[in-house]
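Take a look at the letters that make up each chain.
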Amino acid sequence: MIEKNFLIPFLFIGMVVQGLVAQQDAQYTQYMFNTLSVNPAYAGSRGQLSFAGLYRSQWVGLDGAPETFTINLHSPIRNSRLGYGISLVNDNIGDGVVQETYLDAVLSYTIDVSLDAKLSFGLKAGGNMLNLDFNGLRNFDQEVVNQDNIDNQFSPNFGLGIYYHTDKFYAGVSAPNILQTEYFDNGSNNPESVNFLATERINFYLIAGYVFDLNADLKFKPALLTKAVGGAPLQVDLSASFLYADKFSFGAAYRLDAAVSALAGFQVTDQIMLGLAYDRETTELGGTQFNDGSFEVFLRLELIKAFQKTVSPRFF
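Student: Would you mind going over the overall build of the protein chain in detail, with residue names and values included?
Tutor: Regarding its fold elements, the protein chain presents 1 helix and 17 strands. Within the protein chain, the proportion of its 316 residues that are buried is 46%. Across the protein chain, every contact between residues at least 6 apart in sequence was considered, and the portion connecting residues at least 24 apart equals 58%. Surface summary for the protein chain: the accessible area is close to 15,200 Å², and the carbon and sulfur share equals 60%.

Right, dumping it as structure tokens:
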């Protein structure tokens, strides 16, 4: 039985010693509203200065479970084909034992493919700051880890993306972090004795979605996110959402062999949207009494209108 003081970072470090870790980017259920985090070509596509904030608490009830906080800000540049933005992502595991912060600047360039279709190319540049406190493990377990802490270790990175969209359809491919970073090479010349705590590998994303007008008040949007990274299983997220009267959204999602989710949103005003998602794992972890599922809270603000109307509908 999994005990309540079972620490996620301790499992993480145990895998490290065996050289088995392939680190993945942060995971989102409301990825359809958080596109800039996975594809830099999305910058400016909403036609106005847009802010998005998302907080995710994973595996609530397990001590030291992951938390993710994301902030995105992006806008088109008036009278040009360019868009720009910034993206901030903070991952916290083990109540501060492992903290990783990504900060990136984003630039996009958009061309008109047809009267109602646009193709955008995106580039982001920045890096991540890693802090890892091995001493903090003693708060959860008496195991002694003979490894120096990591304090504010910076690793530069950049990413690429392509994003195609019309008023009803969108699709994109991206690699938000191109450079691979390996932590804790012990410097030995013997390949069998080299250990890495983590390997920051390239994550490839495919996103797609389509909006169907069911009637004057009701829209339906199926969406897909696929994430592939070496050394980890393929992640496939499928979602189906309805938008009623351009105000209320609700739907469900399924993460292949991992979780089922419920999603809801409310367009408070033309400028403010609130969203909420709840995941329940379909794995053995989801059936434990100390795991109450995962929660996400999402906020989007449209700050300054750059054009007479947005480039894409509010649904994406």
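Student: So what about the side chain of Thr 166? Which residues, and what values?
Tutor: With respect to the element layout, Thr 166 can be found in the loop between strand 6 (150–165) and strand 7 (169–175). Overall, the relative accessible area of 13% leaves Thr 166 in the buried class. One polar contact links the side chain of Thr 166 to the main-chain amide nitrogen of Lys 168, over a distance of 3.1 Å.

Student: Account for the pairing of strand 15 (residues 259–267), naming residues and giving values.
Tutor: Side chains Ala 259, Ser 261, Leu 263, Gly 265 and Gln 267 project from strand 15 onto a buried face, and the interleaved Val 260, Ala 262, Ala 264 and Phe 266 project onto a face without burial. Pairing analysis gives 8 bridges linking strand 14 (residues 248–255) to strand 15, with the strands arranged antiparallel. Looking at the pairing, Phe 250 lines up with Ala 264 of strand 15. Linking strand 14 to strand 15, which pair antiparallel, is a turn of 3 residues; within it Asp 257 sits at a positive phi near 55 degrees. In the sheet, strand 15 pairs with strand 16 (residues 272–281) via 9 bridges, with the strands oriented antiparallel. Its bridge partner lying in strand 16, Leu 263 is registered against Ala 277. Between the antiparallel neighbours strand 15 and strand 16 lie 4 residues.

Student: Requested: an account of unusual backbone geometry, with residues and values cited.
Tutor: Positive phi, normally seen in glycine, also occurs at Trp 59, with a value near 55 degrees. Turning to its location among the elements, Trp 59 is positioned in the loop between strand 1 (48–57) and strand 2 (67–76). On the basis of relative accessible area, Trp 59 is assigned to the buried category, the value being 18%. Residue Asp 257 is not a glycine yet carries a positive backbone phi of 55 degrees. Relative to the elements of secondary structure, Asp 257 occurs in the loop between strand 14 and strand 15. The exposure class of Asp 257 is exposed, given its relative accessible area of 61%.

Rules and cut-offs
Residues numbered from 1 in each chain as written. Predicted model: local features only at pLDDT ≥ 70, side-chain atom pairs only at ≥ 80, totals over all residues. Heavy atoms only, no water. Helix = DSSP H or I, 4+ residues; strand = E, 2+ residues; numbered from the N terminus. Buried < 20%, exposed > 50% of the residue type's maximum accessible area, 1.4 Å probe, protein only. Contact = heavy atoms within 4.5 Å. Areas by Shrake-Rupley, 256 points an atom, 1.4 Å probe, with all protein chains shown as cover. Polar contact = N/O pair within 3.5 Å; in protein donor to acceptor, adjacent residues only side chain to side chain. Pairing = 2+ DSSP bridges.

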